[in-house]
Protein chains: 2
Amino acid sequence: MSKLTIALDIMGGDHGPPVILSAAIKAIQHHPDVNFTLCGDESIINPAIQVLSDAERRRVVVSHCDQVVDMGEAPTSALRHKKRSSMRKAIELVQAKEAHACVSAGNTGALLTLSFYLLKTLSGIDRPALVSMMPTASHHKVLLLDLGANVNCTPDILFQYGVMGSVLAQQVAGIASPRVALLNVGEEDIKGNAQVKSADQLFKDAPGINYIGYVEGDDIFTDHADVVVTDGFTGNVALKSSEGLAKLVVSEVKRHSQRNIYTRLMAKIAFPLLKSIYNSVNPDQYNGASLIGLRGIVIKSHGNASKDAFYYAIVQAMQEARMQVPDKIKTKIETVLLEQL
Amino acid sequence: MSKLTIALDIMGGDHGPPVILSAAIKAIQHHPDVNFTLCGDESIINPAIQVLSDAERRRVVVSHCDQVVDMGEAPTSALRHKKRSSMRKAIELVQAKEAHACVSAGNTGALLTLSFYLLKTLSGIDRPALVSMMPTASHHKVLLLDLGANVNCTPDILFQYGVMGSVLAQQVAGIASPRVALLNVGEEDIKGNAQVKSADQLFKDAPGINYIGYVEGDDIFTDHADVVVTDGFTGNVALKSSEGLAKLVVSEVKRHSQRNIYTRLMAKIAFPLLKSIYNSVNPDQYNGASLIGLRGIVIKSHGNASKDAFYYAIVQAMQEARMQVPDKIKTKIETVLLEQL
């Protein structure tokens, strides 16, 4: 496995294989230095990859899987009864070191459970986290974690999230000394619940982390921090509620534009402007969520991801594989834990 | 106190008395049937209310207070050392039934603590909640609570929030049978933490509540529910992160518009359209957060509220006072608790 190899779960996601396959074909065509293993129903995959040239086709392996993890399926059911699923196969390829990373748009709970079970966490890490880049003003990107891997987080887990987020910001966003913050309901020391207060102390005692203290929800989208740490319940709600507001803005643009002939004309004239604004806050651009803390790279794409969104998730998988993110996290967590002795 | 009387804390808020006073003057001028008590430094208030006519002036009482609760002050310090503050005075007027409601843009923690201490909760209610209306598509409004009154919520408290939210949606938003939902990280039964799961059961067992189950963060801005219930930590983050994204959209509109002469022209032509879209998702329009569950009406305006935002908060105070919201909550919680016996 000298050449970079990415395993794709073709069957996951709300829109099904066609969208995933067109993203996969784009990735195959745009990245001639990468091999791909497409996991899923070969009767769906084989006809779709006919568009590839012979040279492109040679970089593709189809791994037939006759099971699919359903979007609403309980993670325990996926673990027990879907041993031949495309999702599991993609993770197993990473586990067997036959792929450097895998990408799925399938059932998040199942992906977390299968990844945790098959890949195991790095030593020093209790729980994996789901992390994603959020858009901000000034094109600066902020990493938010956890987005829903663990709804209950101890202070230790929050601290480990900070370490992992810090490594990812260095390796993927290229920030030399990432500013790590804890998400809270106020910036003053007295604010917050018991977990947040204890985690705050752990960060203050860790010299290897550039900890800047508390930030509030609106700071996720500003230039205050590079890494924002929170538990999976709060992080998931923060992500989805901001996505909800973004969708509201888009629907209001449509609704207000269609009011009369003047508003339609205005919208038509301003279309390039509206489009570029939309692109800069568009969730699809920061679609891939990394599942970090594991002994392997797993990227979760949004369930209702478009072709472009799934393509970005694949690119992210390549980048993390090239930067060897799990190894870097392992080294960092060992250093930080050693410093604390 | 037959005539509706509203007490205003003139000294609170990030922008200080000038903004609050101009909102107060607008309210005095637009609501000839309402009396106002302005609490704060008379040397600031008296010159500002010179603009009022004699008739308007007769509906205004200035209650001089020589202390101010600072925005960053600890709630316990405000409670102990600011007994002559404008914030406390406004709440004391409600406590003494000399005002039907009070409004403050000051320190949220101090307002919560002082209100809780002075007004006490209604019987059957363990903790007050901060609740606000969120914008949605189709002009439908959703009540979100708790926005930060209690960072730790037991299942019982979450249930009480649902009852209170339901009453507020009936009385203020005019919805006959408000759909109450619990905020969670997924809609399936298996999702969520222990508190949410227990609260879910409490709601299912309560026949007097139109409970519709779980919703996710993005559903706050859709037409799924009329009342979305969550703990104060998560609710605060949901509110602020969506506000953060709204601010990001506004800053992106500015940034993209100023790129070149064409984009400036486009923005100029589309200005009425952009303005109407902005107004429909503008936080100022749903600015007033009600502190509910107390034996009196307290409205919290955003700290950095504009004149219009603080004015909306005053209007909301009048509306809740007219609908006698605390009495209605008291009746509803008694009925629901009785049904459960």
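Provided above is the structure to which this section pertains.
Not measured: the values here are computed from a predicted model. (Residues numbered from 1 in each chain as written. Chains lettered and ligands numbered in written order. Predicted model: local features only at pLDDT ≥ 70, side-chain atom pairs only at ≥ 80, totals over all residues. Heavy atoms only, no water.)

Residue and element names in this part refer to chain A. The geometry of helix α5 (residues 86-95) relative to helix α6 (residues 108-119) is characterised by a closest axis approach of 10 Å and an angle of 30 degrees between their N-to-C directions. What the angle tells us is that α5 and α6 run roughly parallel. The two elements α5 and α6 meet at a crossing, and its hand is right-handed. Contacts between α5 and α6 involve Met-87, Arg-88, Ile-91, Glu-92, Val-94 and Gln-95 from the former and Ala-110, Leu-111, Leu-114, Ser-115, Tyr-117, Leu-118 and Leu-119 from the latter. Counted by class, the contact of α5 with α6 contains nine nonpolar, two polar and two charged residues. (Axes fitted to C-alpha atoms, helices over the stretch in contact; angles between N-to-C directions. Helix = DSSP H or I, 4+ residues; strand = E, 2+ residues; numbered from the N terminus. Parallel < 35°, antiparallel > 145°, perpendicular 65-115°, else oblique. Left-handed = near helix turned anticlockwise from the far one by under 90°. Contact = heavy atoms within 4.5 Å. Nonpolar A, V, L, I, M, F, W, Y, C, P; charged D, E, K, R; others polar.)

One chain copy maps onto the other through a rotation about an axis and a shift parallel to that axis. With an axial shift of 0.0 Å and an RMSD of 0.1 Å, the rotation relating chain B to chain A amounts to 180 degrees. The symmetry that links the two subunits is that of a two-fold axis. In terms of proximity to the rotation axis, the leading residue of chain B is Ser242(B), whose C-alpha is 2.2 Å off the axis. Most of the interface of chain B is mirrored in chain A: 100% of its interface residues are interface residues there too. (Least-squares fit on C-alpha atoms with pLDDT ≥ 70 in both.)

The description of an aromatic ring pair rests on the distance of the ring centres and on the angle between the ring planes. Here the structure, examined in full by the defined rule, presents six aromatic pairs over all chains. Their ring planes at 55 degrees and their centres at 6.4 Å tell us that Tyr311(A) and Tyr312(A) sit as a pair that is tilted. Pairing Phe203(B) with Tyr211(B) gives two aromatic rings, centres 4.8 Å apart and planes at 15 degrees, and the pair type is stacked. A relative accessible area of 1% places Phe203(B) in the buried class. What links up through ring pairs into an aromatic cluster is the set Phe159(A), Phe203(A) and Tyr211(A). Across from the ring centre of Tyr311(A), 4.3 Å away, lies the NZ or CZ of Lys26(A), which sits over that ring. Of note, Lys120(A) hangs over the ring of Tyr117(A), and the distance from its end group to the ring centre comes to 5.1 Å. (Phe/Tyr/Trp six-rings, centres within 6.5 Å; stacked < 30°, edge-to-face > 60°. Buried < 20%, exposed > 50% of the residue type's maximum accessible area, 1.4 Å probe, protein only. Lys NZ or Arg CZ within 6 Å of the ring centre and 35° of its normal.)

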